[in-house]
Structure formats: C-alpha cells, structure tokens
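# A look at the structure
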Amino acid sequence: MNPSPFLPGTEPALYDTAALQALDSAHYLHPFTDFKSLSATGSRFIVRGEGIYIWDSNGNKIIDGMSGLWNVNLGYRRVELADAAYRQMLELPFYNSFFQTSNIPAAKLAASIAGVAPDHMRRVFYCNSGSEANDTIVRMVRRYWDLKNQPQRKTIISRHNAYHGSTVAGASLSGMSGMHAQGDLPIPGIVHIGQPYHFENGAGMTPEAFGLHAAGWLEEKILELGPEKVAAFIGEPVQGAGGVIIPPSTYWPEIQRICDHYGILLISDEVICGFGRLGSWFGCQHFGTRPDLIAFAKGVTSGYFPLGGVIIGDRVADVLIESGGEFNHGFTYSGHPVGCALALENIRILQEEGVVDQVRTETAPHLARQFHKLADHPIVAITEALGMVAGLVLAPSPQTRFDPADEVGMICRRHCFENGVIMRAVGDRMIIAPPLVISPQQIDEMIALIRRCLDLTHVELRARGLI
Ligand code: PXG
C-alpha cells in the first residue's frame, strides 16, 4: 500500500530540450510574453509534477513555490483527481446546460460550493476561467441594476495594480497600465482607485491608519462620480499578480461599510484567494466582508481542469430570479461535467483531509515564521505573509529602492529557477504561493533555497555595481 496520495512514478525521462524549444518557438505564441526575446532564449519545459515538486526536461527537480499559477493547491499527481475526471469522461464527457438541461456533477458542485461559501451565497454560475468569471460579473451587475430600475448605475470601481483577467472586461477591471495601453482599455464605465499597499503608499502612517485612508479613496471616488451612478466595487482580498499586496486589517471592513452606506455591490475576486489559499475557504471570510458576488477559478479544480464561475449572493440572485426574463449570457462549457466532477473531488479532499484548517492552524503560521526570518537578509526590506502567500521587497537598504530599470526581481527569479525553487518576481517584490499541502519540512526546504538564491542575487548585484 502506497502511503503517499500521489501516484508513484518512475524517474522522469530526459528529453531533447533543444528540439522541443525549436518546435515551441516555431509555432507557439505564449501568453504575456515578448515573442521575440523568448524565441531567442527558448522556453523551459516542465514535464512532470508530484506533490509540491516539478521536473524540467533536463531532469532538474524544482519546488513549485507558485502552485503552477496560484492554482495547483492539492499538488501534482493526485490520483483521485485524475480518476474523477477519467470516470466522468467515460460516463458523460459533455452535455450543455443551455436548453433546460443539466448534468449531475454541475448540480452537485453548485451545492457543494454553496456549502463552503458564506451563508447568504447559494447560487453558482459557471464559466471556464477567472477572466470569464469577471466578464460574467460585469454583465450580471449591469443586469441587476437594470432590473432594479436604476440603469444609470453602470460604473464599476476597481484598483490600480489589480488583476482581474485578460479578456476585454477582465483587462479593463485590472489596474495594469501595460494592459490598458494595448487595445484602448479600459472600456467605458470602469474606473480605478489606489491600492492598499502600505509599504509604498503609507509612509508616516500606521498600517491601521493607512488601511482606513486607502478605503477612503473609494468613498472619494463614489462622491466624485455621484453615488447614483456607481454599480459596484471589485477587489481581490489579497492582490495576487500585483505582488501579494496584503491590506491592513482595517481596510476591508471600511470598504464594506462604504459599499453598504451607498448601496453599491461588493465583488470579491477570489480567483486566487478562494478554496483555502488564505487558510479560510474564501478570502472574504478571513477579512470579514459580505460580498454580493464572488469570482472563482484556479483552485476550484486545483488547476487540473479549466473551470471558473461566480457565486451569487441572495441580494442579487433574488432579483435575477424573481424578475424573470432570460439572462443572455453563457458559454458552451458552462458547467462542463468533467471539470465539475473533478472540482467535487477536489473539494471533498480539501474537506476530508482538513486542508484549509491545516493551513490556518499549522502550515501558514510556520510559513510566516520562517519567511519573516528572511527579513534579516541584507537585500530584503520587508517580508509579509498570510495563509499560503508571502512576499518580500528587494532593496539595497531598508530606506532605499532599486531602480526598476535594473530588473532586480528578474535576476533573483533566474537564480531561483536555476537553484530548484520557483518564485515569481513582480517589480522588486519576490512572491510565493506554494501548494496548500506543503508540509512544515518542505517549507523549511523551500525557505533554505530562497535564502540561498537571495545570497546569489546579492553577489550578482554587487558584481554589477548595483549595490
Ligand atoms: N482574477 C484574479 C484575482 C486572478 O489572479 C484572474 C482573475 C483571471 O483568471 P484566468 O483564469 O482568466 O487567467 C486571475 C488570474 C501572475 C498571473 O502572473 C496571475 C493570473 C493569471 C496569469 C498570471 O501572477 N491570475
């Protein structure tokens, strides 16, 4: 009997990496990539995964400190997840949910998600990704206000440096200037306020005072636009792609108060935070907000299948349902039976193995303790951690910052990759989001590798005269 939940495998095969790179560069345009420069360097091929580890085509074993792309929460090679998909593929690989039909996994999963969501959220609308979830939300929010006879309430307020996806509406909701610059975004009716990044924007203020101050930017924007024109506010509980920006504890309660005061909808984009990442089922439960809509994707299937959706609170669902009339929106693969069967199994494992509680009570506190020890490193200005996400700022000294043009994050990221750990660089922030199943011993192994890579980065920055 194999005690590990991961399917045992043979040693990974070695591949002809150069041939794979040639193939890749001849035909495959990658997302968020400078095509020209990638074709000059060649891609790194990941060929296999097991637990928290992945292997590249040259046989290197690497700790996946980013859970794939914030999504492989149960780790790689979970046999039950693969089995659930296989069994459903044989039983019913596809049927649509359009013309008054349904399928068993889709209906069961909606109930299962309602069971872990906040009490007032009992309905689920499916799509295939986080971007589509947020596109769905834009349409749903506007439909809600139309049905409430307040069609002038169109504007959705988001934040700079937010990430809500890459479709036209998702990229518009996102607060990334580089994305807006391509394709004349944002679309009308989406505006942005500042992010609650204390280290960068809160000089001279305690985190608590800054949290209230940053939430106040929402109220200022509502008053500037006219409260009767504002439909909703959207935010990630912790900004992920923006660099693991963990807001002060005062921020979200004040945002909730402002939304309640002006009657505007609160949207929690839980594509990263949902399904246990912060040690709670959803980030809103950790921060104490009561959203009207939740966007989810990624961790719902631990990344084994593309599936996303929207969880809808009673305030919105009651109006959408009671008013009657068709909601003219949906996708071929809304409620895909294979993705839903896999997600059901994923949630069953999270529940039966107590993964979320284990993160909250055991592994996240351990990660925080170990990660904060990196703060003594000469090129680390601050460290922050919450649940299974953490970030640090690379800086020449606590009072100064590197020149963004020197791309120190990319230097550090390269050392990480070459030394067996994946960390993501966002400007001068180095971030991690390891699988929720990482053990305390594996956390120690990961932190030791990160320290080594910080040392190597330090040496390289000195050699380049950047310190
Ligand atoms: N909302 C949030 C909060 C996300 O993090 C999306 C929506 C869009 O999801 P899809 O499934 O459409 O990609 C995301 C996705 C990064 C990175 O570099 C992060 C994401 C996607 C790609 C890269 O950190 N998050």
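### A closer look at the site of the ligand
Near the ligand you find 16 residues, and of these Trp70, Gly130, Ser131, Asp269 and Arg424 are the closest. Here an oxygen atom of the ligand sits 2.8 Å away from a polar atom, N or O, in the side chain of tryptophan 70. Take arginine 424: an N or O atom from its side chain is 2.5 Å from an oxygen atom of the ligand. Contributions of two or more residues to the shell around the ligand are made by helix H3 (67-70) and helix H6 (130-147).

### A look at the sheet that holds strand E10 (residues 308-313)
In space, the seven strands of this open sheet follow the order E4-E10-E9-E8-E7-E5-E6, with mixed pairing throughout. Two strands lie at the open edges of the sheet, namely strand E4 (121-127) and strand E6 (190-193), each paired on one side alone. Ignoring which end each strand starts from, the neighbouring axes of this sheet average 25° apart. Here E4 pairs with E10 via six bridges, running antiparallel. Counterpart to cysteine 127 in the pairing with E10 is glycine 308. In this fold helix H5 (residues 104-116) packs onto E4, strand E9 (293-296) and E10, with an angle of close to 135° to the strand it touches most, E4.

### Here's the deal with the nonpolar core
Ranked by internal contacts, the top residues of the largest apolar core, which has 66 residues, are Ile113, Phe275, Phe282, Leu394 and Leu454. Residue contributions to this core peak at eight residues, all from helix H17 (residues 440-463). Those residues in contact with isoleucine 113 that lie beyond four places of it in its chain are Val124, Phe275, Phe296, Val300, Ile311 and Ile347. Counting 37 residues, the second-largest nonpolar core is a separate cluster that includes Tyr76, Leu218, Leu386 and Ile431.

### Points about the sheet that holds strand E11 (residues 380-386)
One open sheet accounts for four strands, arranged E11-E12-E14-E13; its pairing is antiparallel. Unpaired on one side and paired on the other, E11 and strand E13 (424-426) mark the two borders of the sheet. Sheet twist, expressed as the mean angle between neighbouring strand axes with direction ignored, is 20°. As defined by bridge partners, E13 adjoins strand E14 (residues 429-432) across three bridges and the pair is classed as antiparallel. Note on E14: the bridge partner recorded for arginine 424 is isoleucine 431.

### Looking at the domain arrangement of the protein
One can read the domain layout of the protein as domain 1 (44-77 + 355-463) and domain 2 (80-352). In this complex, domain 1 contributes 34 residues to the contact, which on the side of domain 2 involves 31 residues. Between domain 1 and domain 2, the buried area comes to about 2500 Å², and carbon and sulfur atoms account for 62% of it. On the domain 1 side of the contact with domain 2, Trp70, Leu74 and Leu386 bury the most area, a combined 26% of that side's loss.

### Things to note about the pattern of salt bridges
Tallied over the entire structure, the rule returns 18 salt bridges. A salt bridge links arginine 401 to glutamate 200, with the nearest nitrogen and oxygen atoms 3.0 Å apart. Within this pair, whereas arginine 401 is found in the loop between strand E12 (389-394) and helix H16 (408-418), its partner glutamate 200 is found in helix H9 (residues 198-201), the two being separated by 201 residues in sequence. Its relative accessible area of 35% is what places arginine 401 among the partly exposed residues. Salt bridges sharing partners connect three or more residues here, namely Arg78, Glu80 and Glu353.

### Examining unusual backbone geometry
Here the residue pair leucine 185 and proline 186 is connected by a cis peptide bond, since its omega of 0° sits within 30 degrees of zero. If you check the backbone angles, aspartate 184 has positive phi at about 55° while not being a glycine. Positive phi, normally seen in glycine, also occurs at glutamate 407, with a value near 50°. By secondary structure assignment, the location of glutamate 407 is in the loop between E12 and H16. Looking at glutamate 407, the relative accessible area reads 49%, which means it is partly exposed.

### Some details on the packing of aromatic side chains
One pass over the full model with this rule turns up 12 aromatic pairs. Ring centres of phenylalanine 125 and phenylalanine 327 lie 5.8 Å apart, and the angle between their planes is 75°; this geometry places the pair in the edge-to-face category. Linking phenylalanine 125 in strand E4 with phenylalanine 327 in the loop between helix H13 (314-322) and helix H14 (337-352), this pair joins segments that are 202 residues apart in sequence. On the basis of relative accessibility, which here comes to 19%, the residue phenylalanine 125 falls in the buried class. Residue class for phenylalanine 327 comes out partly exposed when judged on its relative accessible area of 21%. Ring centres of phenylalanine 275 and phenylalanine 282 lie 5.1 Å apart, and the angle between their planes is 65°; this geometry places the pair in the edge-to-face category. Each member of the aromatic cluster is reached from another via a ring pair, and the members are Phe275, Trp281, Phe282 and Phe296.

### As for the environment of alanine 214
Along the polypeptide, alanine 214 turns up in helix H10 (residues 207-225). Classification of alanine 214 by relative accessible area gives buried; the value is 0%. Once the C-alpha coordinates of alanine 214 and asparagine 58 are considered, the two residues, 156 residues apart in sequence, prove to be 47 Å apart.

### Quick word on the packing of H5 against H14
Packing of H5 against H14 brings their axes to within 8 Å, and their N-to-C directions diverge by 35°. Remark: the crossing between H5 and H14 carries left-handed chirality. Within the contact between the two elements, H5 uses Pro105, Ala106, Lys108, Leu109, Ser112, Ile113 and Val116 and H14 uses Pro337, Cys340, Ala341, Ala343, Leu344, Ile347 and Gln351. Counted by class, the contact of H5 with H14 contains 11 nonpolar, two polar and one charged residues.

### With respect to the state of the cysteines
One covalent bond between the sulfur atoms of two cysteine residues makes up a disulfide. Scanning all chains against the criterion turns up zero disulfides. Note on cysteine 416: no disulfide assigned, nearest cysteine sulfur contributed by cysteine 453 at a separation of 4.2 Å. Accessibility expressed as a relative area gives 1% for cysteine 416, which makes it buried.

Reading the values: the criteria
Residues numbered from 1 in each chain as written. Predicted model: local features only at pLDDT ≥ 70, side-chain atom pairs only at ≥ 80, totals over all residues. Heavy atoms only, no water. Near = heavy atom within 4 Å. Polar contact = N/O pair within 3.5 Å; in protein donor to acceptor, adjacent residues only side chain to side chain. Helix = DSSP H or I, 4+ residues; strand = E, 2+ residues; numbered from the N terminus. Pairing = 2+ DSSP bridges. Axes fitted to C-alpha atoms, helices over the stretch in contact; angles between N-to-C directions. Contact = heavy atoms within 4.5 Å. Core = buried A, V, L, I, M, F, W, Y, C linked by side-chain atoms within 4.5 Å. Buried < 20%, exposed > 50% of the residue type's maximum accessible area, 1.4 Å probe, protein only. Domains from an automatic or database assignment. Buried area = accessible area lost by both parts, 1.4 Å probe. Salt bridge = Lys/Arg side-chain N within 4 Å of Asp/Glu carboxyl O. Phe/Tyr/Trp six-rings, centres within 6.5 Å; stacked < 30°, edge-to-face > 60°. Left-handed = near helix turned anticlockwise from the far one by under 90°. Nonpolar A, V, L, I, M, F, W, Y, C, P; charged D, E, K, R; others polar. Disulfide = S-S within 2.5 Å.

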